[in-house]
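Secondary and tertiary structure notes
This is what each chain is made of:
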Amino acid sequence: MIHFLDINDFKCLHDIHMELSKLNIITGKSSSGKSSVIQAIGIMSDNKDIPNDAQVTFRNLDNSVRPFYEMCNLNAGVQSFSLSLDMDESHHIKMDFTPKDERRIATLVSKTETKLLDDHSEFPEVFHLPANRQSNEDSYKISNGSPNPLGKHGEFVIDYYYNHRSDEVDPCLRISKDSSSLEAQVNGWLRKLTDYRMTVSQPSDSYNVFFTDNLGNKMRPSQVGTGVGYIAALLIVCLASPQESLIQIENPEIHLHPSAQSDLTEFFAIISHSGRQLLIETHSDHIINGILVQLKEAALHLEDVRIFYFDKDDEAEEDEIPNCYIPRSLEITPYGKIKHAPKGFFDQIEIDFRKLME
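From a predicted model like this one, the values you see are computed outputs, not experimental measurements.

1. Some details on the overall build of the chain
Across its full length, the chain holds 8 helices and 20 strands. The C-alpha atoms of the chain give 21 Å as radius of gyration, which agrees with the globular expectation for 358 residues (21 Å, within 12%). Every one of the 358 residues in the chain was classed for burial, and the buried ones make up 50%. The long-range fraction of contacts in the chain, counting pairs at least 24 apart against all pairs at least 6 apart in sequence, stands at 63%. On the chain, roughly 17700 Å² of surface is accessible, and the fraction owed to carbon and sulfur atoms is 46%. Across the chain, the 34 positively charged side chains and the 55 negatively charged ones have centroids separated by 5 Å.

Next comes the structure, spelled out in structure tokens:
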């Protein structure tokens, strides 16, 4: 598990330190650095085995190559950026990224890793569901051997599911008593959250997906609510990922009714207790309130949850880097209350009600 993450001069983040736990929520206004944290971990995961002083390639979700000058902090005017993390007290990895030449397009990486001889911790396997992930297609691609098992846009989630559908799911994650297989457990959770079941077949060079409702009606993904496909993808990734892995999910609330968003937090609580680490970016107060309810009902332990609110660093001195954001770790009580919530933290409903009552 990743315990600490440090980011220096990467995109809009100047100098941040985050202490992570089992279930981590990151939220804040748009363009405040939330996705940059997820991207930073992804970059380290992609390059964990790269040799020192090698050239690295940054690719966007559209597969276009990103130059060095788009990756470093533009406001700082720096010639490098660095990313580092700690798996435990004795295992530290740091990567320093510098431009190859004065054009600042190609990027070189220098990596240092320290750990004790008896430390067997490894960089976790990272699974990432982006915000613009593919969903509710009637047919899905077969993986072409991509190093990312889910695909850049989640386009290979069904391929991943089909090839692992017979794998046994951890006992602590099982909801269905029919079978311990991934197929049975995904459908057990899917029925609990949506009242649908999913079947996948491979008739040719792609996968066909169907959803069956509680009356036995069989429908293609395009015939059901978009949220059903999004929940199915999320369930597949969380249930199929191995222990000690890190699961990064952007906007799990997409296309979901508020009650479904809240129900999903029960599933996140169970996943976080199973030896898998969650990093969730969200703009939904229903997701955050659902997590707080799980804390109050003792389904989550206080020490296992972190909520970070990304905001401008108002305390920065005038001569420091402007327009940089920092993650504020919010203080949570054992009863699911947030103490001293910062201005702008999901207070829009209160502001709107105040205007309506004038």
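2. Considering helix α4 (residues 182-194)
Residue pairs three or four apart in sequence face the same way in an α-helix, which turns once every 3.6 residues. Given a rise of 1.5 Å per residue, 13 residues ought to cover 18 Å, and the 17 Å separating the end C-alpha atoms of α4 matches this to within 8%. Of all 13 residues in α4, 10 are buried; the element is thus mostly enclosed. Listing the buried residues of α4 in full gives Leu182, Ala184, Gln185, Val186, Asn187, Gly188, Trp189, Leu190, Leu193 and Thr194. Where the residues of α4 are buried, they touch α3 (157-164), β12 (197-201), β13 (206-212), α5 (226-240) and α6 (258-272). One or two steps after α4, the chain reaches Asp195, where phi turns positive at roughly 70 degrees.

3. Considerations on a nonpolar patch on the surface
On the surface, a nonpolar cluster with roughly 510 Å² of combined accessible area is contributed by Ile349, Phe353, Leu356 and Met357. With respect to the helices, strands and loops of the structure, Ile349 is situated in helix α8 (residues 348-357).

4. Regarding empty space enclosed by the protein
Throughout the structure, instances matching the rule amount to 1 cavity of 30 Å³ or more. Each pocket or cavity is described by its volume, and for the largest cavity that value is around 100 Å³. Around the largest cavity sit 15 residues that line it, and Ser135, Tyr140, Ile158, Gly229 and Ala233 are the ones nearest its centre. Breaking the lining of the largest cavity down by element, the ones donating at least two residues are α3, β13 and α5. Examining the composition of the lining of the largest cavity, we find that 4 residues originate from one element, α5, more than from any other.

5. Comments concerning the side chain of Arg104
With respect to the helices and strands, the residue Arg104 is situated in the loop between β8 (91-99) and β9 (107-114). One buried charged residue, Arg104, remains without a salt bridge, the closest side chain of opposite sign being Asp101 at 8.7 Å. When neighbours within four sequence positions are excluded, Arg104 is seen to be in contact with Pro67, Phe68, Tyr69, Cys72, Val78, Gln79 and Pro99.

6. Topic: the pairing of β8
The alternating pattern of β8 places His91, Ile93, Met95, Phe97 and Pro99 on a buried face and His92, Lys94, Asp96 and Thr98 on a face that is not buried. Strand direction decides the pairing type here: strand β7 (residues 81-88) and β8, joined by 7 bridges, are antiparallel. Opposite Asp86, over in β8, you have His92 as the bridge partner. Between β7 and the antiparallel strand that follows it, β8, lie 2 residues. Bridge count between β8 and β9: 8 bridges; the pairing is antiparallel.

7. Regarding the environment of Ser121
One can find Ser121 in the loop between β9 and β10 (126-129). Not counting the four nearest positions on each side in its chain, Ser121 is found in contact with Met87, Asp88, His91 and Lys115.

8. Describing the pattern of salt bridges
What the rule picks out here adds up to 12 salt bridges. Measuring nitrogen to oxygen at the nearest pair gives 3.7 Å for the salt bridge that ties Glu70 to Arg66. Judged by its relative accessible area of 38%, Glu70 falls in the partly exposed class. When its relative accessible area of 26% is taken as the criterion, Arg66 is described as partly exposed.

9. Details of the pairing of β7
Taken across its 8 residues, β7 has 7 buried, putting it largely inside the fold. Note: strand β1 (residues 4-10) against β7, 5 bridges, orientation antiparallel. Bridged to Asp6 within β7 is Ser84.

10. Details of the sheet that holds strand β3 (residues 23-28)
Within the open sheet, the 6 strands sit side by side as β10-β15-β16-β3-β17-β18. Their pairing is mixed. Edge positions in the sheet fall to β10 and β18 (325-329), since each of these pairs with one other strand and no more. Adjacent strand axes in the sheet meet at a mean angle of 20 degrees, parallel and antiparallel pairs treated alike. Sheet strands in contact with helix α1 (residues 34-46) are β3, β10, β15 (246-250), β16 (277-281) and β17 (305-312), and its direction is about 140 degrees off that of β16.

11. Digging into the packing of aromatic side chains
Using the criterion set out here, one finds 10 aromatic pairs in the structure. On the numbers, 5.3 Å between centres and 40 degrees between planes, the contact of Phe10 with Phe81 is tilted. Here Phe10, found in strand β1, pairs with Phe81, found in strand β7; they are 71 residues apart in sequence, far enough to count as distant. On the basis of relative accessible area, Phe10 is assigned to the buried category, the value being 0%. The exposure class of Phe81 is buried, given its relative accessible area of 2%. When the ring of Phe58 is compared with that of Phe81, the centres are 6.2 Å apart and the planes differ by 40 degrees; the resulting orientation is tilted. Here Phe58, found in strand β5 (residues 58-59), pairs with Phe81, found in strand β7; they are 23 residues apart in sequence, far enough to count as distant. Phe81 shares its class with Phe58; the two are buried. Of note, Arg165 hangs over the ring of Tyr162, and the distance from its end group to the ring centre comes to 3.9 Å. One cation-aromatic arrangement involves Lys218 over Phe210; the distance from NZ or CZ to the ring centre is 4.8 Å.

Reading guide: rules and limits
Residues numbered from 1 in each chain as written. Predicted model: local features only at pLDDT ≥ 70, side-chain atom pairs only at ≥ 80, totals over all residues. Heavy atoms only, no water. Helix = DSSP H or I, 4+ residues; strand = E, 2+ residues; numbered from the N terminus. Rg over C-alpha atoms; globule rule 2.2 N^0.38 Å. Buried < 20%, exposed > 50% of the residue type's maximum accessible area, 1.4 Å probe, protein only. Contact = heavy atoms within 4.5 Å. Areas by Shrake-Rupley, 256 points an atom, 1.4 Å probe, with all protein chains shown as cover. Lys, Arg positive; Asp, Glu negative; His and termini not counted. Charge placed at Lys NZ, Arg CZ, Asp CG, Glu CD. Expected span 1.5 Å × (residues − 1). Patch = residues over 30% accessible without salt bridge, like charges linked within 9 Å, V, L, I, M, F, W, Y side chains within 5 Å. Salt bridge = Lys/Arg side-chain N within 4 Å of Asp/Glu carboxyl O. 1 Å grid on protein atoms, 1.4 Å probe; cavity = no way out; pocket = protein on both sides within 12 Å on 5 of 7 lines; lining within 4 Å. Points joined across faces, edges and corners; volume = space filled by probe spheres on them. Pairing = 2+ DSSP bridges. Axes fitted to C-alpha atoms, helices over the stretch in contact; angles between N-to-C directions. Phe/Tyr/Trp six-rings, centres within 6.5 Å; stacked < 30°, edge-to-face > 60°. Lys NZ or Arg CZ within 6 Å of the ring centre and 35° of its normal.

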